[in-house]
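Residue-level structural notes
As a plain string of letters, each chain reads:
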Amino acid sequence: MDFMKTYKIAVLKGDGIGPEIVDATLRVLDVVAELFGVDFSYEEGLIGGRAIDEKGTPLPEETLELCKRSDAVLLGAVGGPKWDNLPTDKRPEKGLLRIRKELDLYANLRPAKVWDPLIESSPLKEEVVKGTDMIVVRELTGDVYYGEPRGIFQENGKRVGVNTMKYTEDEIRRVVRKAFEIALKRKKKLTSVDKSNVLEVSALWRDIVEEEKKNFPEVEVEHLYVDNCAMQLVRRPNSFDVIVTGNIFGDILSDEAGVVVGSLGMLPSASVGDRYALYEPVHGSAPDIAGKGIANPIATILSAGMMLKYSFNMDEASALIEKAIDETLKQGYRTPDIYSEGAKKVGTQEMTEKIIENLRRLAK
Ligand code: IPM
Ligand code: MG
């Protein structure tokens, strides 16, 4: 009897364009399953604004349970104007922050590379951006995002806003190790980003990187202050390989890296811990274009590609997805967000179909 490997994927479509881009991605995964002789089963859960509307919370318990009994989580995007006036604690984004914490997804991997057919969509000069291929490893479950105390308090009859930047050495060490391991499989260059000229948290961060460096002698290490890094990212983007940094700096720098290479619509991400993993595009829910059939599904499809690689060890299938996307771009197909003069403008469906056609062709 034939034994077919089955992977259970928790599917959290979310808000805005989330459902459209996730549906497109599931079509691609179905084709991958067929081509590689595996089976994917999908089970949907609520998160974000829709979960607030239907269950009164951005992350219902049953969604969390679903994620914990699945092999991986695929997420679309959360948020929208409908929920914008809720307090921070009740917003759709809280669902995202809670799921990261509950699943202990401490390392957020955000690759940013230039796709040659799209090089003209970078705001930088071609000679500056050519060859750029980096990955930001952002710590995802600590820092000022989660530190206590936090809140808006009263002090002498005036309001005062408080957040706490905090990292334990174990929290730093585990993500730094992950980054070193990733660097070993790439160009063996690690840039650690901090603000150790001002912050004690960062001084500790830098110490830990120096300690861990001894375990990875093949990797070249550079330390940059975050302000300098922000500058170097636009001056010499192609000199970076792996960037490791804390939650808040990583949030900011990964958006910057994204725009440097061309389009936020192309950026995938993986959030991994020691037990669970979640895959989602870096871009948001784009409520302004939701339901119009024009959203770019590529970032989500690439996120599924990362799932194949990191959660299912299907490296070949993951590479094939990238190749099929590159091919589709070379053929001139563009969703509106990456459109330029002379290209063939297509919507979500058609882009997905072209990618699938190329997948099938390249798999032969
Ligand atoms: C991201 C987003 C989130 C973050 C928001 C939506 C909470 O900007 O994933 O980068 O700040 O982590
Ligand atoms: Mg962000």
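Higher on the page you've got the structure.
Residues numbered from 1 in each chain as written. Chains lettered and ligands numbered in written order. Predicted model: local features only at pLDDT ≥ 70, side-chain atom pairs only at ≥ 80, totals over all residues. Heavy atoms only, no water.

This brings us to the pairing of strand 8 (residues 189-194). Taken across its 6 residues, strand 8 has 6 buried, putting it largely inside the fold. Burial along strand 8 is two-sided: K189, T191 and V193 facing one way and L190, S192 and D194 facing the other are all buried. With 6 bridges connecting them, strand 8 and strand 9 (residues 220-225) associate as parallel partners. Of the residues in strand 9, the one forming a bridge with V193 is L224. Note on the crossover from strand 8 through helix 7 (residues 200-213) to strand 9: the handedness is right-handed. (Buried < 20%, exposed > 50% of the residue type's maximum accessible area, 1.4 Å probe, protein only. Helix = DSSP H or I, 4+ residues; strand = E, 2+ residues; numbered from the N terminus. Pairing = 2+ DSSP bridges. Right-handed = clockwise from strand over helix to strand, strands pointing away.)

Enumeration over the complete set of coordinates arrives at 32 salt bridges. With its nearest N and O atoms 3.3 Å apart, the salt bridge here joins E93 to R91. Ionic pairing is found between R206 and D194, a salt bridge with its closest N-O pair at 2.9 Å. Highlighted residues: R206 in helix 7 and D194 in strand 8, separated in sequence by 12 residues. (Salt bridge = Lys/Arg side-chain N within 4 Å of Asp/Glu carboxyl O.)

Taken together, E93, R100, R110, R138, Y145 and D251 make up all the residues around ligand 1. Measuring from an oxygen atom of ligand 1, one finds a side-chain N or O atom of Y145 at 2.5 Å. Across the shell around ligand 1, the residue classes tally to 1 nonpolar, no polar and 5 charged. (Near = heavy atom within 4 Å. Polar contact = N/O pair within 3.5 Å; in protein donor to acceptor, adjacent residues only side chain to side chain. Nonpolar A, V, L, I, M, F, W, Y, C, P; charged D, E, K, R; others polar.)

This brings us to the packing of helix 3 (residues 61-68) against helix 4 (residues 92-102). Interaxial distance between helix 3 and helix 4 falls to 11 Å at its minimum, and their mutual angle equals 40°. By the criterion of interaxial angle, the relationship of helix 3 to helix 4 is oblique. Where helix 3 crosses over helix 4, the two elements pack in a sense that is right-handed. In contact with E61, L64, C67 and K68 of helix 3, helix 4 contributes R98, I99 and E102. (Axes fitted to C-alpha atoms, helices over the stretch in contact; angles between N-to-C directions. Parallel < 35°, antiparallel > 145°, perpendicular 65-115°, else oblique. Left-handed = near helix turned anticlockwise from the far one by under 90°. Contact = heavy atoms within 4.5 Å.)

As a further point, take the pairing of strand 10 (residues 242-245). Side-chain direction in a regular strand flips from residue to residue, so the side chains alternate between the two faces of the sheet. Burial along strand 10 is two-sided: the residues V242 and V244 and I243 and T245 are all buried. When strand 5 (residues 133-139) meets strand 10, the two strands line up parallel, connected through 4 bridges. The residue bridging V136 from the neighbouring strand is I243, located in strand 10. Note: strand 8 against strand 10, 4 bridges, orientation parallel. Bridge pairing in strand 10 places T191 opposite I243.

So, on to the packing of helix 1 (residues 18-36) against helix 11 (residues 315-330). Packing of helix 1 against helix 11 brings their axes to within 11 Å, and their N-to-C directions diverge by 130°. The orientation of helix 1 relative to helix 11 falls into the category oblique. Crossing hand, helix 1 versus helix 11: right-handed. Within the contact between the two elements, helix 1 uses V28, V32 and F36 and helix 11 uses E316, A317, L320 and I321.

Turning next to the sheet that holds strand 12 (residues 277-281). With respect to topology, 10 strands assemble into an open sheet ordered 2-1-3-12-11-4-5-10-8-9, the strand pairing being mixed. In this open sheet, the two strands that pair with only one neighbour each are strand 2 (39-44) and strand 9. Across this sheet, the average inter-strand angle for adjacent strands is 25°, counted without regard to direction. Sheet topology note: the strand 4 (residues 107-113)/strand 11 (residues 268-272) ladder contains 3 bridges and is antiparallel. Counterpart to A107 in the pairing with strand 11 is V272. Packed on one face of the sheet, helix 10 (residues 298-310) meets strand 1 (6-14), strand 2, strand 3 (72-77), strand 4, strand 5, strand 11 and strand 12 and runs near 160° to strand 12.

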